[in-house]
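Structural features, examined
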Amino acid sequence: MVINKAVKKSLRIAYGETLTELGKQDENIVVIDSDLSCSTQTQMFAKEFPERFFNTGVAEQDAVCLAAGLSTCGKIPFVSTFAIFATGRAWDQVRNSVAHPKFNVNFVATHGGVTVGEDGASHQSVEDISLMRSIPHMIVIVPSDSIETREAIKFAYNYNGPVYVRLSRSNTPDVHDNDYNFDLNKAKVLIEGIDVTIVSNGETLYEAIECAQMLKKVNIDVEIISMPVVKPIDKETLINSASKTGAVLTLENHSVVGGLGSSICECLAENYPCIVKRIGVNDEFGQSGKAEELLVKYGLTADKFYDEVLKLVEKKNSK
Amino acid sequence: MTEQKKLSEEEVKSLEEVAKKVRENILVMINAAKSGHTGGSLSPVELLLTLYEKCMTHYKEWNKSPEWKNRDRFILSKGHASATLYATLAQMGYFEEQELLTFRKLGTRLQGHPSYGLLPGIEVSTGSLGQGLSMANGVALGLKLDRNKNNVFVLLGDGEIQEGQVWEAAMTSAHYKMDNLIAIIDRNRLQIDGDTEQVKTLDPLDKKWEAFGWQVLEIDGHDFQEIYGAVEYAKELGKQKSAPVMIIANTIKGKGVTFTENQASWHGKPMNDKELQKALQEIRG
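Please read these numbers as outputs of a predicted model, since none were measured by experiment.

Rules used throughout
- Residues numbered from 1 in each chain as written.
- Chains lettered and ligands numbered in written order.
- Predicted model: local features only at pLDDT ≥ 70, side-chain atom pairs only at ≥ 80, totals over all residues.
- Heavy atoms only, no water.
- Buried < 20%, exposed > 50% of the residue type's maximum accessible area, 1.4 Å probe, protein only.
- Helix = DSSP H or I, 4+ residues; strand = E, 2+ residues; numbered from the N terminus.
- Arc of directions from axis to C-beta.
- Contact = heavy atoms within 4.5 Å.
- Polar contact = N/O pair within 3.5 Å; in protein donor to acceptor, adjacent residues only side chain to side chain.
- Domains from an automatic or database assignment.
- Buried area = accessible area lost by both parts, 1.4 Å probe.
- Salt bridge = Lys/Arg side-chain N within 4 Å of Asp/Glu carboxyl O.
- Nonpolar A, V, L, I, M, F, W, Y, C, P; charged D, E, K, R; others polar.
- Pairing = 2+ DSSP bridges.
- Right-handed = clockwise from strand over helix to strand, strands pointing away.

Notes on helix α10 (residues 235–245) of chain A
Residue and element names in this part refer to chain A.
- Thr237, Leu238, Ser241, Ala242 and Thr245 are the residues of α10 that are buried. In a view along the axis of α10, the buried residues occupy a sector of 125°, so they form one face of it.
- Summarising the contacts, the buried residues of α10 are in contact with β9 (188–191), β10 (196–200), β11 (222–226), β13 (247–255), α11 (260–271) and α13 (302–317).
- Of the residues that open α10, the one with a side-chain oxygen 3.2 Å from the backbone nitrogen of Glu236 is Asp234.

As structure tokens, this is what we get:
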């Protein structure tokens, strides 16, 4: 597959544009932000539809429950703030006021993972996927590029129930085609291979593809699965791939505890036990730095986990 | 309060009789469940009854479905008083009275704390304190967007307002000029660990809400005439002032049964059979 890595697009702008577009079609869409609309890009919707945009100020718990109330009147709320606040600060509100009654509230959180950058650990959410995945009724989606973001937002709009969409702050190259269709129950095999499977989502998916291309040069055939939906996990695609390659590496801009890696381990342990290596933030907090530097620091770039893939293949072959 | 709307003597008498029945049912259901919140369920009996019987547009009066879109909404933010809400709803004909005996039992629609989607009349899920006012704000905004003239009522516990989110919500209500929102605090002055003023001072409550941009009324929360007068006045006051209205209802925790009144120890405790008989005797007079 050919990816133009020189052209990176903003997931947040894709969100703001899609939301505004949907807002034109359906006047039941309402947006709630907690003083971060300039960062989350809900400002685009706010400018177009000021009467359907509600700013709670710096009050995320209030924002979540406000959305719950609005949904009972048939409104379709999108709640946006940073991932750390949407999931950590307001977890109890998400759980009790939205997920338990299965209200139709969409959470689109930006600034997930360590690539928040200079703001450091207090703002770098490496636990949000874990936190949201454990809540019954919750759908968890981590789009990897602007195209997938657009489609995930459309899905969230159409789906009747709570959805968590996690976006990165960094821009990413488009890895999906423009005619991409989002399917809640189906992960996508982007590259077929037989030696090892790499499963990823979010901004690290591109790194996985790059690593596969590097490994091709040493005759290792990597299968790449794009898995934007962490919950419900697509067991079938995963088991099919694992039964072919026998080794799975997971890659995510999130803690290795509770996120995509954990989710895949749970699925494989129960259905097709095989060797797995989780690449992510190793149960530690982030820190200040440039986004690119942090990706390297936490081992999330292709050249950093290249050796881990080799080791995994070696381990498989020595069995 | 000028030109306060009044209930007739017969209406008050009738409400007093129904209140006895609601209190009996609350105690019987908590006893049958061997679990529940006795004290805080007895304090807002008159409040809920007046709202449902006299102040709210809803199901019973209009012979519509509980989801009828032109209904007033009620949110029990102090979800642990679920027994009071269930007993009141049963009285209003939302479901059969006998179902009250399933309270808190496996498979029941009458969950320990109000759970959305099971029982008619339950608008949201509550129980984790401090979230109801924010939700009421959301409903109030939703109704305004639809140009719906209905009101939203929310009942908070006094201990509950120690939750920081309540004050986030208080700011939101005033900022968005929610003149279709009437909040009531069940000011029974007791929480699990004792006197609210000893656990963490709440007074001066009126000044706090006023400072947050609310219109504040204070009443005796067991006096039907005062409750009715204040709620009806609040409907007008909110519109006049383009502001949300808070009614501080002074109540007695455990009201109606001498041995539970003003006793913090009865917060989360059921009566045993002997205590229940004694209490029912007193209520029935």
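Regarding the domain arrangement of chain A
All names here are of chain A.
- When its domains are assigned, chain A resolves into domain 1 (9–173) and domain 2 (188–313).
- The straight-line distance from the C-alpha centre of domain 1 to that of domain 2 is 25 Å.
- When domain 1 packs against domain 2, the two sides together hide about 2,400 Å² of surface, and 56% of this comes from carbon and sulfur.
- In this structure, the connection of domain 1 to domain 2 is made through one salt bridge.
- Of the charged contacts, one joins Arg133 and Glu266 as a salt bridge, the two residues approaching to 2.9 Å between their closest N and O atoms.
- Summed over the shared surface of domain 1 and domain 2, the result is 22 residue pairs in polar contact (both at pLDDT 80 or more).
- Its residues placed into classes, the side of domain 1 that touches domain 2 shows 13 nonpolar, 12 polar and seven charged.

Concerning the pattern of salt bridges
All names here are of chain B.
- Per the stated rule, a full pass over the model turns up 29 salt bridges over all chains.
- Note that Glu97 and Lys21 form a salt bridge whose closest N and O atoms lie 3.4 Å from each other. Remark: Lys21 occurs in helix α1 (residues 9–33) and Glu97 occurs in the loop between α5 (82–91) and α6 (132–145); sequence separation between them is 76 residues.
- The exposure class of Glu97 is partly exposed, given its relative accessible area of 35%.
- On the basis of relative accessible area, Lys21 is assigned to the partly exposed category, the value being 32%.

Brief notes about the pairing of strand β7 (residues 163–166) of chain A
Residue and element names in this part refer to chain A.
- Neither face of β7 is left uncovered, since the one carrying Val163 and Val165 and the one carrying Tyr164 and Arg166 both have all their residues buried.
- As judged from the four bridges shared by strand β5 (residues 106–110) and β7, these two strands associate in the parallel manner. Residue pairing for β7: Ala109 is matched across the bridge by Arg166.
- Judged from the three bridges that link them, strand β6 (residues 139–141) and β7 form a sheet pairing that is parallel. Bridge pairing in β7 places Ile141 opposite Val165.
- Of the crossover connections in this fold, the one passing from β6 over helix α8 (residues 146–158) to the parallel β7 is right-handed.

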